[in-house]
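# Structural features, examined
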Amino acid sequence: METDTSGGFGSPDCRYTCHQQCHSLVQLDCRRPDPGQLSPEGTIVLPCSQNVTKAVEEKPEPPTVEEIKEKIEKYNAKVTNCLLMKLSDDGTYTGFIKVHLKLRRPVTVPAGIRPQSIYDALKEVNLADTTDRRTSFYLPLDAIKQLHISSTTTVSEVIQGLLKKFMVVDNPQKFALFKEMRKDGQVLLQKLPLTEFPLYLRLLAGPDTDVLSFVLKENETGEVEWDAFSIPELQNFLMILDKEEKDKIQQVKRKYEKFKQRLQQSLKEAGDKPG
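Conventions and cut-offs
- Here the residue numbers are simple positions, counted from 1 along each chain's written sequence.
- Local features in a predicted model are, by the rule used here, given only for residues with pLDDT of at least 70; side-chain atom pairs are given and counted only at 80 or more, and totals for whole chains, interfaces and linings are based on all residues.
- Computation of side-chain values covers all heavy atoms of the structure but excludes hydrogens and water.
- Ring pairs shown here join Phe, Tyr and Trp side chains whose ring centres sit within 6.5 Å, with only the six-membered ring taken for Trp; geometry is labelled stacked below 30 degrees between planes, edge-to-face above 60, and tilted in between.
- Whether a charge sits over a ring depends on NZ of Lys or CZ of Arg being within 6 Å of the ring centre and within 35 degrees of the ring normal.
- Runs of E in the DSSP output that reach at least two residues are strands. Runs of H or I that reach at least four are helices, and both are numbered from the N terminus.
- We call a residue buried when its accessible area falls under 20% of the maximum for its residue type, exposed when it is over 50%, and partly exposed in between, using a 1.4 Å probe and counting protein chains only.
- Here, a salt bridge means any side-chain nitrogen of Lys or Arg that lies within 4 Å of a carboxyl oxygen of Asp or Glu.
- Contact between two residues is taken to exist if any of their heavy atoms lie within 4.5 Å; hydrogens are not considered.
- UniProt positions are given in the numbering used here, feature names are shortened, and annotations may be inferred rather than shown by experiment.
- Nitrogen and oxygen atoms within 3.5 Å of one another constitute a polar contact, given that in protein one can donate a hydrogen and the other can accept it, and given that sequence-neighbouring residues count only through two side-chain atoms.
- When DSSP finds two or more bridges between two strands, those strands count as paired.

## Concerning the packing of aromatic side chains
Applying the stated criterion across every chain, the model contains zero aromatic pairs. The aromatic ring of Phe166 is capped on one face by Lys145, whose charged end is 5.9 Å from the ring centroid.

## Quick notes on unusual backbone geometry
A positive phi angle is found at Cys82, which is not glycine, with a value near 70°. Within the fold, Cys82 resides in the loop between helix H1 (65–78) and strand E4 (86–87). For Cys82, a relative accessible area of 70% gives the class exposed.

## Points about helix H4 (residues 198–205)
Those residues of H4 that sit buried are Pro198, Leu199, Leu201, Arg202 and Leu203. Of the residues trailing H4, Gly206 is marked for its positive phi of about 90°.

## Some words on the pattern of salt bridges
Using the criterion set out here, one finds six salt bridges in the structure. For Lys102, the salt bridge is made with Glu180, and the minimal N-O distance between the two is 3.3 Å. Of this pair, Lys102 sits in the loop between strand E5 (93–101) and strand E6 (107–110) while Glu180 sits in strand E9 (residues 175–183), placing them 78 residues apart in sequence. Taking relative accessible area as the criterion, Lys102 reaches 28% and is therefore assigned partly exposed.

## As for the side chain of Ser213
Note on placement: Ser213 falls in strand E11 (residues 212–218). Classification of Ser213 as buried rests on a relative accessible area of 4%. Setting aside residues no more than four positions away along its own chain, Ser213 makes contact with His100, Phe178, Lys179, Glu180, Arg182 and Arg202.

## Points about the UniProt feature "coiled-coil region" (unreviewed entry) in the protein chain
If you check UniProt for "coiled-coil region" (unreviewed entry), the listed places come out as residues 242–269 in our numbering. Between the end C-alpha atoms of residues 242–269 the distance is 41 Å, and the span holds 100% helix and 0% strand.

## Observations concerning the environment of Thr92
Among the secondary structure elements, Thr92 is positioned in the loop between E4 and E5. On a C-alpha basis, the gap between Thr92 and Val65 in space is 8.5 Å, while along the polypeptide they are 27 residues apart. Residues contacting Thr92, with those up to four places away along its chain left out, are Lys86, Leu87, Ser151 and Thr152. A distance of 2.7 Å separates polar atoms of two side chains, one belonging to Thr92 and the other to Asp90.

## Structural notes on the pairing of E6
Two faces belong to every sheet, and in a regular strand the side chains alternate between them. Because side chains alternate across E6, one face comprises the buried residues Val107 and Val109, and the other comprises Thr108 and Pro110, equally buried. For E6 and strand E7 (residues 134–137), the ladder comprises four bridges, and the chain directions are antiparallel. The residue of E7 that forms the bridge with Thr108 is Ser136.

Here it is in structure tokens:
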């Protein structure tokens, strides 16, 4: 290699030119070209970054059992409702999370089925399988469900567990679990991946639900599997949307009707005043 007058290094065989910083990173296997075939573009010096090779980002190491034990002790010291976390010998741990149900659409449940009893829960009886009849209804707005889960329980399993407790037979892909955080007076919502572990997030945030809470909502991020809905469900959605549209139209009409009345009243009062 020889030094080129442009400040880079050039090859005497192919007239390749590069920056000095890139010299040690370039390997050439070229032959001297015919002088008649050279072009001015053959000596262009391309910009070269100082950081040619990027370091591979290393994933953080999972916490050790001692670190988990220390975090659990700090967590339990802040608990005021006896809902403590418990560490097992194998390094896993169990605890409680609360999930707010903020569903705006009706859910599908078995028709004519009584609520699940403690006996059914212990025996893992799925009452939804005992009938083919289905009906739809709205879950109570902002209902809260408390779950006892393990550190190995994923978001996907939490969603399925919630649907089972309410005997909802809709496809779990219709729903998503979000973490809700409050920062600088604002409420921030972030959708959790299905492989995330909610109890670990609870452990890191502490027991204060004002710092972190979990919310179950409809999956509205463009990933809804519409094929998972049945025809009656889709028709039900259309009916709900049609009703919401009519209600919105009536609200707008009432708003401007009141505005019209106030405007007419103001004009009348202005006309009655001596001019």
